[in-house]
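This is what each chain is made of:
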Amino acid sequence: MRWLIILLSLVFLMACSTPQLRPQAQAVANTHPAASQAGLDILNQGGNAFDAAVAVSAALAVVEPFGSGLGGGGFWLLHRASDGRQVMIDGREVAPGAAQRDMYLDPVTGQANKVASVNGALAAGIPGLPAALVHLSEQYGELSLADSLRPAIRLAKNGFLVNEHYRRLARFRLPVLASSEPARSIFLREGLVPELGTRISQQDLATSLESLARDGFSGFYRGELADKLVSGVQQAGGIWDKQDLANYRVKEREPVVIDYNGMRVISAALPSSGGLVLSIALNILEQYDLAAMDEATRVHLVVEAMRRAYQARAQYMGDADFVSVPTEKLSHKSYARALAENLNLKAAMPSQQLTGLNASEGHDTTHFSVLDKAGNRVAATLSINYPFGSGFVPPGTGVLLNDEMDDFSIKPGTPNVYGLVGGLANAIQPNKRMLSSMSPTFIETDGSVGLLGTPGGSRIISMLLLAILEAEKGAQASSWVALPRYHHQYLPDVVQHEPEALSDELKAELTAKGHKLESVGRTYGNMHAILWDKKNGRVTAASDPRGRGMALVE
Ligand code: DON
């Protein structure tokens, strides 16, 4: 009898301590209810997280045209439960074959033309999103591409209702939207921002999605749709060629893995700078006991880590298929130790004095996270860059093109729309991918798995850094996304912060340490996260209270 009791107790103890291998629920967290619903519908039809990711990406292309779309690109970070494979699907846009390093510089004055890299057909890189959806579906999905695209096609035909967010972004991009006839007739009403509740249906976009659903890669990158895209771009002064579309290829990249204080952070690889910048910042922070610090010292230290990590971004990072980026050295703990040598806990280091170390070796955008019941996961950040991208729609396609060319360094030291500077590593070259900050991320600990990401241009990476530090404290997903935010990106040399993020006392202490502070007026970011507690199988999801998010768990 005694043996039986001991045996039963052992079995009970083992059951309690063995992590649950499967989540007890599935979850989709993203910015629009119709897109979340599209993802859940696909999961309920027997699709896996990868099929759901196709459905959500395509639905977002329809209902949030200002943020992402068929005319843009993105990164999908995947974890496949059956074999633990982790991979980043790189569907980033590439520069057209006729692109040149100085294509946005005035030939006489050498001044950067910051309008041409942001507005109109010349601003658009070759889209990667349609190819990525085909790849995701064919290589990782259970359902057909046509099944996963069905909700988006229906949404494009039936239309969606204009909300306040749409109106704000359309107002911001009104002149450029009004100057492309197709964009004007789809997204505006009589040349003006549509009234609240106006229905936007997109028949041409539905036809383009149907072409993709029917013919896969060729349905977008070859044939009739490709012809319309190329001739529309060329007639509007752009430089796309049919070969540019036919030659576009998705890349599978090994994600960046960071060991930080017992956590594993898995994030985006080049051509996103996210994983490397996070790794430098976290490797600097790991050298300190953050929990033992007063708040002012802690915020100061995090800012100094951001400053150094973004400096390395500006100096070294670009598309590693074209330039040699010293990734191993940059992500090594010893590099961060050297970067921390001139870090003074009492005083800010002016960015102009930060020369960086030699590492040579030999507004809008969107994020969503999906977890299925088998434990497959996707964190994806997608973009057409600026709100409503380039504002240009090639006639008859319904495809709003990106203005991602502005993410290249169009002239060394000249800031892009997010104030980011860069050098030769991120200079324009034909077929090269422009450096990104989009950073879909997983946070793994012994007992939990987190999926997260956010839009926000250059601030994406610092938002994730703050969320990771919050996760380290054992906080829930709802507080990762709600956390007040501050940011430093090396240049401009200021700490940008949300109006309420820093108390008056904290501001005074940071100013005394030599920081320049700038309240950025309104809140920023739109983070969507899922947390799976492996000890009890519980799944929670949270969307940023600043946004209009919709996290569904069922
Ligand atoms: O790839 C990038 O880093 C940018 N094109 C992302 C733009 C963005 O997040 C705009 N969001 N507010």
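Every chain is numbered independently, its residues counted from 1 as its sequence is written. For this predicted model, a pLDDT threshold of at least 70 governs which residues receive local features, and a threshold of 80 or more governs which side-chain atom pairs are given and counted, while totals over whole chains, interfaces and linings are taken from all residues. Values reported for side chains reflect all heavy atoms of the structure, with hydrogen atoms and water molecules removed beforehand.

## Digging into helix 13 (residues 274–285)
- Spanning 12 residues, helix 13 covers 16 Å between terminal C-alpha atoms, matching the ideal 16 Å at 1.5 Å per step.
- The buried fraction of helix 13 is high, at 12 of 12 residues.
- Within helix 13, burial applies to G274, G275, L276, V277, L278, S279, I280, A281, L282, N283, I284 and L285. What counts as a helix is a DSSP run of H or I of at least four residues, what counts as a strand is a run of E of at least two, and both are numbered from the N terminus. Expected span, for any helix, means 1.5 Å times one less than how many residues it has. With a 1.4 Å probe rolled over the protein chains alone, any residue whose accessible area is under 20% of its type maximum counts as buried; one over 50% counts as exposed, and the rest are partly exposed.

## Looking at the sheet that holds strand 6 (residues 251–253)
- Two strands qualify as a pair provided DSSP detects at least 2 bridges between them. With antiparallel pairing, the seven strands of this open sheet are ordered in space as 6-3-2-10-9-1-18. The two strands at the open ends of the sheet, each matched to only one other strand, are strand 6 and strand 18 (550–553). For this sheet, the mean inter-axis angle between neighbouring strands, taken without regard to orientation, is 15°.
- Strand direction decides the pairing type here: strand 1 (residues 27–30) and strand 18, joined by four bridges, are antiparallel. Bridge pairing in strand 18 places A27 opposite V553.
- Its contacts with the sheet place helix 3 (residues 49–63) against strand 1, strand 2 (73–79), strand 9 (366–371) and strand 10 (377–383), and it is angled at close to 155° to strand 9.
- Each of strand 2, strand 3 (86–91), strand 6 and strand 10 is contacted by helix 4 (residues 129–140), which is oriented at about 20° to strand 2, the strand it contacts most. All axes here are fitted lines through C-alpha atoms, helices being fitted over the stretch that makes contact, and every angle between N-to-C directions spans 0 to 180 degrees. Should any heavy atoms of two residues lie within 4.5 Å, those residues are counted as being in contact.

## What about the environment of R459?
- Structurally, the position occupied by R459 is in helix 17 (residues 459–472).
- Those residues in contact with R459 that lie beyond four places of it in its chain are Y310, H487, Q496, V520 and Y524.
- We define a polar contact as two N or O atoms separated by no more than 3.5 Å, with the added condition that, inside protein, one atom must be a possible hydrogen donor and the other a possible acceptor, whereas residues neighbouring each other in sequence contribute only through side-chain atom pairs. Within polar-contact distance, the side chain of R459 engages the side chain of Q496 at 3.0 Å.

## Concerning the packing of helix 13 against helix 17
- Packing of helix 13 against helix 17 leaves a shortest axis separation of 10 Å and a crossing angle of 45°. With respect to helix 17, the axis of helix 13 lies oblique. Once helix 13 is placed against helix 17, the crossing between them reads as right-handed. Contacts from G274, V277, L278, A281, L282 and L285 of helix 13 reach helix 17 at I461, L464, L465, I468 and L469.
- In the scheme used here, Gly and all other residues not listed as nonpolar or charged are polar, with Ala, Val, Leu, Ile, Met, Phe, Trp, Tyr, Cys and Pro taken as nonpolar and Asp, Glu, Lys and Arg as charged. In the contact of helix 13 with helix 17, the residues fall into 10 nonpolar, one polar and no charged. Any angle that is under 35 degrees is reported as roughly parallel, and any over 145 degrees as roughly antiparallel; angles of 65 to 115 degrees are reported as roughly perpendicular and all others as oblique. Note on convention: near helix rotated counterclockwise from far helix by under a right angle means a left-handed crossing. Clockwise means right-handed.

## Observations regarding the sheet that holds strand 13 (residues 486–487)
- If you walk across this open sheet you meet the three strands as 13-14-15, and the pairing is mixed. At either margin of the open sheet sits one strand with a lone partner, and together these are strand 13 and strand 15 (517–519).
- Taken together, the two bridges between strand 13 and strand 14 (residues 495–497) define a ladder with antiparallel strand orientation. Bridge pairing in strand 14 links Y486 to H497.

## Describing the environment of I443
- Take I443: it is sitting in strand 11 (residues 441–444).
- I443 gets classed as buried once you look at its relative accessible area, which sits at 3%.
- Along the chain, I443 and A467 lie 24 residues apart, while their C-alpha atoms are 10.0 Å from each other.

## As for the pattern of salt bridges
- Here, a salt bridge means any side-chain nitrogen of Lys or Arg that lies within 4 Å of a carboxyl oxygen of Asp or Glu. Applying the stated criterion across every chain, the model contains 28 salt bridges.
- Of the charged contacts, one joins R92 and E404 as a salt bridge, the two residues approaching to 3.3 Å between their closest N and O atoms. E404 carries the same exposure label as R92, and that label is buried.

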